[in-house]
Amino acid sequence: MIDAVDIWVKGIVQGVGFRPFVYRMAKKYLINGWVLNATDGVHIHAEGESKLVDEFIMELSDNAPAAARVEEIDIKEVPLEQFDSFEIRFSDDEDVAETTLVSPDLATCDDCVAELFNPNDRRYRYPFINCTNCGPRFTIIDHLPYDRVATSMAAFPMCEKCAAEYADPLDRRFHAQPDACFECGPSVTWRVGADDEELVGKTREESDAIFAAAVEMLMAGKILAVKGLGGFHLVCDANNAEAVAELRRRKRRDGKAFAVMAPSVAAARALCEVSAEEEAVLTGASHPIVLLRKRPDGAIGAGVADKLSELGVMLPYTPVQHLLMHDFAEAWEAPQGKYAPGRPVPLLVMTSGNVHDEPICIADEEAREKLADIADAFLGNNRPILTRFDDSVVRLIKVGETPAEGGPATPDYAVQFLRRARGYAPVPVSVATDEAAVAENEAAEGAESQAGVVAQAQADAAAPAGGVIFAAGPEQKNTFTLLRGTDAFVSQHIGDVENAETYDAWLATKDRFESLFEMTPTQVACDLHPEYLTSKWAHHQDLPVTEVQHHHAHIVSVMAEHGLADAVCGIAFDGTGFGPDGNIWGGEVLLANRQAFERFANFAYVPMPGGAAAIKHPLRMAYGVLWAYDLLDHPAAAAALAPLGDAAEVCETMIERGLNTPMTSSVGRLFDAASALLGLCTEPSYEGEGAILLEAAMETAGAASAGAAALEEAAGVAGEDELAARERYAVTAEKNTATETSTAEDTSVILLDAEGTFRALLDDVAAGVPVPVIARRFHDAMVSAIVMAAELVRALYGITTVCLSGGVFMNRYIVEHALPSLAEAGFTAAINRDLPPNDGCISCGQAVVASARKALG
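To start, this report covers the structure provided alongside it. (Residues numbered from 1 in each chain as written. Predicted model: local features only at pLDDT ≥ 70, side-chain atom pairs only at ≥ 80, totals over all residues. Heavy atoms only, no water.)

### Side note on the state of the cysteines
Under the criterion given, the structure shown has zero disulfides. The thiol of Cys-651 is unpaired, and the distance to the nearest cysteine sulfur, on Cys-681, comes to 16 Å. (Disulfide = S-S within 2.5 Å.)

As structure tokens, then:
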């Protein structure tokens, strides 16, 4: 029997080789009809034997191209039209309500890399080689449908050979919109200094000469600005300490670690520990920066990532980077690929091409103007970048173990985002709840019954409300979110929206998302903080505004990612968040659902003498902590605070008189104070440096991997039982005191008191206990506090689901110890998985809260 069906495939199905895949499957299963790209996905008309049509549809779902993401397949029986072949049709202009998803930019695939270095291939060393399986996507799209005329490749008409490939459904470059070669495509450009004559690499010889000049400058210790997929990088020889120091000086980036580009996984292994899971992420289609543990014998250049236990490593992901890295590696004396621990390997620093705190440069003219005082030369090209994208940064964290019969347990790993951008955004995050999905199914099965009516009502309450919600996000590590239905389109990392340039970039990216995905907001959500630029913008729109408390947004972002709707114990630990009581929150335990929260517990308030100055000068924060805990007279306090000098008296005066001294419950600030008291970080050069160095201090004696006993043995500590140390460092819980004006949102039931933790820290300093041991004990105290808070919530309310979010949970040690500790105590713990735990997840939480409140009316 011959069947005819119309098939509508939704998801990331444009620019990923989906139509030629459909064409090949149609030929395989003897299907006649057509396939078409439209703005709402891919449409297929299929006619064939019933059994073969079914198998054809299964192929679409089960064996789609690796870069595709099939979200949904709708099938409708239709009358036969008696097609006698299968064809690929051009995109239509039909106006539809929904738009398709767009693939992120993809790293150069293995096939294209092989061709790039094959002297017999016509694209040998062509710096813009690509196919349907790789290359730029989102950064070159102007509008949908995704066809060449709608991209920045429209200015490059294809030559006869490229056009033939483009038109052949069986070719790897069929409808690869950036398809090009030396004859017809973009060219690299080269300029030494911002005002010198520009060279253009139109031929292979001219292009090779440009790369040779670039390598020569890198070997001479110079700094290059190199154009990538989403913007420029600043590049130098990572093994040249003088070049690295000069890049830091020019870019005004004193201490923050640089990411490096390695030529291969083998080279990365000579420097860092690389597990099979980490290798899979390094070499995957996204090619992010991956934070890897340094090897003790790894030869990493001075100034790249000093004092840290991790190194950010990425592999080349564009043809330009492959050529530059390949040629640079060949300039080394060591044979290429012969890498061994203890010996330097060819590495390039690859850091964002921007002036301090400004957005990454994307246009050649912009880069030459803004980076003129940083870069000695510019390796650009004449293909415009339409959307600004930084590199994504991830790490693999251990989230548990799977038992194995007769052998050791297998570690379970998860990818944790520190920055979500190139290679991942703008793939939407699904925020549907389990309850909504179940209720929708029940409603569909019994729509005519009373049970069906009830189920539909439940679905309406649990699912995101109608319309489009725009969530403006926080001020630091900003992303924004457009929520439509169950899809949360979270933008790429934008940065700190505190200056005009970044704010302008935020507005431009917002406009592009709204235009590209055809979404017009009907509601706005923002942070509760009245002084955030994003919040001020929200209140100037002629739309309903929902204000969402910072830490509630953190917790709801985790709930949304995991499909949770019932109340959870939300533990939000970070640096700064505006509280309803006007204080600075950051050590919160919330009873939360998607609509509302109650503040169950928080770390006791401590003063921040000087406000923001206490963050920039953490010894001030340490003074405030010791003042609050009555520890200023401790024998170890005077020496630790001595660098404050006369500023100590100023701090005391400010605290006593309440002058510019906000109160905070922030765990992030407690980490700052501990780091300062241990002399690890008293003058941070970047945000979070104190906490980062406190964690890194443990690694010097193997705290994270060897365990507490091995650490103490390595550090030469003896004479104290570990249980006794834990008891000394323990955070305690006390009943909070309410007032006549207290509310469930601003006043907690329980106060978490870290006085004992800091007393024990000072005791150990006075006793000469090594810093790595103290650092590990401090971390363990915070892990124990997390479990204690969860147990208190369970005892009082019976809640056993715990959500962890906030910048403190970017601390590998905290996460990798809190999760198994919670599991051992009988809790189900959830963390951010598709979004960073830092403020990069806030906008998603804001959007979901606004939607949930709207659904309640």
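### Digging into the sheet that holds strand β4 (residues 69–77)
Pairing is mixed in the open sheet, where five strands are placed in the order β4-β1-β3-β2-β5. The sheet is open, and its two borders are formed by β4 and β5 (86–89), each paired with just one other strand. Averaged over all pairs of adjacent strands, the angle between their axes in this sheet comes to 20 degrees, without regard to strand direction. Here strand β1 (residues 2–12) pairs with strand β3 (residues 41–49) via eight bridges, running antiparallel. Paired with Asp-3 across the strands is Gly-48, a residue of β3. Where helix α1 (residues 18–28) meets the sheet, it contacts β1, β2 (32–38), β3, β4 and β5, and its direction lies at approximately 170 degrees from that of β5. (Pairing = 2+ DSSP bridges. Helix = DSSP H or I, 4+ residues; strand = E, 2+ residues; numbered from the N terminus. Axes fitted to C-alpha atoms, helices over the stretch in contact; angles between N-to-C directions. Contact = heavy atoms within 4.5 Å.)

### Observations regarding the environment of Ala-68
Among the structural elements, Ala-68 can be located in the loop between α2 (50–62) and β4. Those residues in contact with Ala-68 that lie beyond four places of it in its chain are Ile-12, Val-16 and Phe-18.

### Thoughts on the sheet that holds strand β9 (residues 232–237)
In space, the eleven strands of this open sheet follow the order β7-β6-β14-β8-β9-β13-β10-β12-β11-β15-β16, with mixed pairing throughout. Two strands bound the open sheet, and with one partner strand each, they are β7 (199–201) and β16 (407–419). Bridge analysis of strand β6 (residues 188–192) against β7 gives three bridges, and the strand direction is antiparallel. Among the inter-strand pairings, Trp-190 is bridged to a residue of β7, identified as Leu-199.

### A word on the packing of helix α15 (residues 550–562) against helix α27 (residues 842–856)
Packing of α15 against α27 leaves a shortest axis separation of 7 Å and a crossing angle of 85 degrees. With respect to their mutual orientation, α15 and α27 come out roughly perpendicular. Side by side, α15 and α27 meet where His-550, His-552, Ala-553, His-554, Val-556, Ser-557 and Ala-560 of the first sit next to Ile-842, Gly-845, Gln-846, Val-848, Val-849 and Arg-853 of the second. Class assignment for the residues of the contact of α15 with α27 results in six nonpolar, six polar and one charged. (Parallel < 35°, antiparallel > 145°, perpendicular 65-115°, else oblique. Nonpolar A, V, L, I, M, F, W, Y, C, P; charged D, E, K, R; others polar.)

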